[in-house]
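Report on the structure
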Amino acid sequence: MTRPEHVAIIMDGNGRWAVEKQRPRTFGHIKGAQTVKSIVTEAAKLDIKYLTLFAFSTENWRRPASEVDLLMRLLRRYLDNETENLMSENIRFRYIGNIAPLPEKVRERLSKTVDRTKSNTGMTLVLALNYGGRQEIVNTVRKILRDVKDHHLNPEAIDESIFSQYLDTAEYPDPDLLIRTSGESRISNFLLWQLSYTELYFTKKYWPDFKEEDLQDALNSFERRNRRFGATTPHTHPPLVVLSE
Ligand code: FPP
C-alpha cells in the first residue's frame, strides 16, 4: 500500500460553509479549527510523516480586520489547547512563512509549541502562516545572493538541491499529495516550488465538512495513481522496436 509520506492541504470553504447556513463567516473558521484538530489526529494515526496545512496566506491580510483578528485568536487558542495533545500523539510542530507581522502573543505560542514538541518522533505538523510561494522563492533568491556575496556559495554550484536547501521547507520532503477542499482547482500561491511532482486532489467538500473518511478517500485516490516523475514504469514499457539499418 503506497501511503504518501507528506500530505499538504489547502483548507478552503470555511466562509461559504457558514454563509450557506446563514451564519457569520467567523463561525465557519471556528468549525474549520475543529476540523484541523481531527484531521491532524487522523493523519498521525494513519502514519503520515508530514502534514502541511495552509492556515494563513500572505493574501489573507486583505480580509476585514475582524476576520483576521479571529483567525489569529483561533490560532492562539489552538496552540494553547492542543500542545499537550500534540505531545501525547508524539507530533512535532513546526511552521513556515514570515511570522514577523503576526501578533506577539501568537509568535510567543508558536515558539513555545515548536520548542515543547521538538523531540517528538511521530508526524511533523507544519502550519503555513503568512506564507506565499512566490514570496518564499524571492526570499530564497535573496538568501542565496547573500551567501554568494559573502563567498560562502559558488554560483556555479547552485542546482535544484541547493536551491531547495534555502527554502522554508528545507527540512521536509516535497509533498506527495495536495488536497484542496471547497471545489476550487487552484494552487493559490501555495508551495509553488515544492508541488512540481505532487499529485493534486480536489474535493467539493467545504473544510468544516472534511472528515476522517474524506482524508481516507484522498489517500485511496493517491494509491490508485501511478507516479512516474516523467519517466516510464517498466511494466508499461512497449516492446522495444529495433530499427534495422
Ligand atoms: C479558508 O476559508 C480558510 C482560511 C482562510 C484559513 C484556514 C483557517 C482555519 C481552518 C481556522 C483556524 C486554523 C488553525 C490552524 C487553528 P475561506 O474563508 O477562504 O472560505 P471561503 O473561500 O468559502 O470564503
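Our subject in this report is the structure included herewith.

Scoring rules and cut-offs
- Residues numbered from 1 in each chain as written.
- Predicted model: local features only at pLDDT ≥ 70, side-chain atom pairs only at ≥ 80, totals over all residues.
- Heavy atoms only, no water.
- Phe/Tyr/Trp six-rings, centres within 6.5 Å; stacked < 30°, edge-to-face > 60°.
- Helix = DSSP H or I, 4+ residues; strand = E, 2+ residues; numbered from the N terminus.
- Buried < 20%, exposed > 50% of the residue type's maximum accessible area, 1.4 Å probe, protein only.
- Lys NZ or Arg CZ within 6 Å of the ring centre and 35° of its normal.
- Pairing = 2+ DSSP bridges.
- Salt bridge = Lys/Arg side-chain N within 4 Å of Asp/Glu carboxyl O.

On inspection of all chains with the given rule, the structure shows eight aromatic pairs. Considering the side-chain rings of Tyr50 and Tyr172, the 5.9 Å spacing of their centres and the 55 degrees angle between planes classify their relative orientation as tilted. Of this pair, Tyr50 sits in strand 2 (residues 50-57) while Tyr172 sits in the loop between helix 6 (160-165) and strand 5 (177-180), and the two are 122 residues apart along the sequence. Summarising the burial analysis for this pair, Tyr50 and Tyr172 share the class buried. Linked through ring pairs, Phe54, Tyr131 and Phe190 together constitute an aromatic cluster. Across the ring face of Phe27, the terminal group of Arg23 is positioned such that the distance to the ring centre comes to 3.9 Å.

Once that is clear, we can look at the pairing of strand 5. Side chains Leu177 and Ile179 project from strand 5 onto one buried face, and the interleaved Leu178 and Arg180 project onto a second face that is buried too. Note that strand 1 (residues 6-10) and strand 5 share four bridges and pair parallel. Within the sheet, the bridge partner assigned to Val7 lies in strand 5 and is Leu177. Where strand 5 and strand 6 (residues 199-202) come together, four bridges link them in parallel fashion. What sits directly across from Arg180, in strand 6, is Phe202.

What follows deals with the pattern of salt bridges. Any two side chains of opposite charge can pair, so long as their charged atoms come close to each other. Overall, the coordinates contain 16 salt bridges when judged by the stated rule. For Glu67, the salt bridge identified is with Arg25, shortest N-O distance 3.1 Å. A residue pair is termed long-range when its members are at least 10 positions apart, and Glu67 in helix 3 (residues 65-88) and Arg25 in helix 2 (residues 25-45) qualify at 42 residues. A relative accessible area of 6% places Glu67 in the buried class. Since its relative accessible area comes to 33%, Arg25 is described here as partly exposed. Arg94 serves as the salt-bridge partner of Glu171, at 3.0 Å between the closest nitrogen and oxygen. Of the two residues, Glu171 is situated in the loop between helix 6 and strand 5 and Arg94 in strand 3 (residues 92-96); the sequence distance between them amounts to 77 residues. Residues joined in a network through salt bridges with shared partners are Asp12, Arg16, Arg180, Glu184 and Arg186.

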